Amino acid sequence: MSTKIEPFIYLSRYLRLKFYLLPLMRSHFFLIALFFALLPATSKAQLNTRDSARTAVLYSLGPAVYVPMASMANRYTPFSGVQVEALKKWQNGLLFGVAFDAFYGTSLKNAASIFDGLSNEQGNFIGVNGEWAFLNAGLSGGQLVARWGRLYPGNYNPNSGYLFLVGVGMQQTKIGIRNERGNFPQLEAPMLYGYDRLHRGPLVQILARNLHLSHNERINYSFGAVLNYALTRSVRGFNIDTGLPDTALKHDLSMGVQFIWHLPAYAKQESFYLLD
């Protein structure tokens, strides 16, 4: 009798197991099918430089040429510079970063009058042991700046266009003197401090650029203009060549043009399921 009942028992157990597992299996098959169905849509949602605004950090390096104005024009002639910059650009076009601008050049104004008391009647410098001293004087300085601004996209792609930035920081300028033979102690520290016109003070600047970030991410550059305004004061407070104190505030302005090469580091491909 029991042998006849056992098949019915197994059948009832199978039907009961199928009743509970079938909805669960259907839900898993549905999730798996949904995952594979979304894969093509996911790849299409990932952003590219040609069609979509992207988040990136722009590491930058480039030369510049400046024309001094106001108080700065009384001490220097046009000079050169080089810029190192790191800017983060968000998808909404906002940017923030830091930069260091180095100044250099044989751009000293009225050098003869500054060092006249150290040279002979012919304007030559006589060093130790009666040897000629060969001196080169020019601007040496720089500025450290925090910058922020906005990108207004153009027609090329959403990551290129007109870039406007403002910056605040500190500026320092001085007369840098290079003695080729090292045989002129009159212009070595601490005597040099009375001649170097070291000035330091807060800085504000305005920059306007045309930014180009290529579709293939290989050719990335910008060019534009910059206006610097620094309110500086002499650190030394005294000039040996004039014999007078130097304590007045200076309005050091300069205007320049820049060319900058960018190395962009893009964020992960932004999409609806990936987060930066």
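Everything quoted here is computed from the prediction, not taken from an experiment.

### Thoughts on the overall build of the chain
Logical step 1: When helices and strands are counted, the chain shows two helices and 12 strands.
Logical step 2: Traced from its N-terminal end to its C-terminal end, the chain shows the element sequence α-β-β-β-α-β-β-β-β-β-β-β-β-β.
Logical step 3: Burial analysis of the chain (276 residues in total) assigns 36% to the buried set.
Logical step 4: For the chain, the share of sequence-separated contacts (at least 6 apart) that also reach a separation of at least 24 residues comes to 72%.
Logical step 5: Accessible area for the chain stands at about 16300 Å²; split by element, carbon and sulfur atoms hold 65% of it.

### With respect to the pairing of strand E3 (residues 94–105)
Logical step 1: Of the pairings in the sheet, the one linking strand E2 (residues 79–89) to E3 comprises 10 bridges and is antiparallel in character. Looking at the pairing, leucine 87 lines up with glycine 97 of E3.
Logical step 2: Connecting the antiparallel pair E2 and E3 is a turn made up of four residues, with glycine 93 showing a positive phi of about 95 degrees.
Logical step 3: Across 12 bridges, E3 lies against strand E6 (residues 135–153) in antiparallel orientation. In the strand pairing of E6, phenylalanine 96 is matched with tryptophan 148.

### Quick notes on the environment of asparagine 216
Logical step 1: Assignment of secondary structure puts asparagine 216 in the loop between strand E8 (199–213) and strand E9 (220–234).
Logical step 2: Taking the C-alpha atoms as reference points, asparagine 216 and threonine 49, 167 residues apart in sequence, are found 7.5 Å from one another.
Logical step 3: Side chain to side chain, asparagine 216 and serine 214 meet in a polar contact 2.8 Å long.
Logical step 4: A polar contact of 3.1 Å, which involves the side chain of asparagine 216, links it to the backbone nitrogen of arginine 218.

### Re unusual backbone geometry
Logical step 1: Of note in this structure, alanine 70 is not a glycine but carries a positive phi near 55 degrees.
Logical step 2: Structurally, the position occupied by alanine 70 is in strand E1 (residues 56–70).
Logical step 3: Here the phi dihedral of glutamate 217 falls at roughly 70 degrees; this positive angle occurs in a residue that is not glycine.

Each value, and the rule that gives it
Residues numbered from 1 in each chain as written. Predicted model: local features only at pLDDT ≥ 70, side-chain atom pairs only at ≥ 80, totals over all residues. Heavy atoms only, no water. Helix = DSSP H or I, 4+ residues; strand = E, 2+ residues; numbered from the N terminus. Buried < 20%, exposed > 50% of the residue type's maximum accessible area, 1.4 Å probe, protein only. Contact = heavy atoms within 4.5 Å. Areas by Shrake-Rupley, 256 points an atom, 1.4 Å probe, with all protein chains shown as cover. Pairing = 2+ DSSP bridges. Polar contact = N/O pair within 3.5 Å; in protein donor to acceptor, adjacent residues only side chain to side chain.

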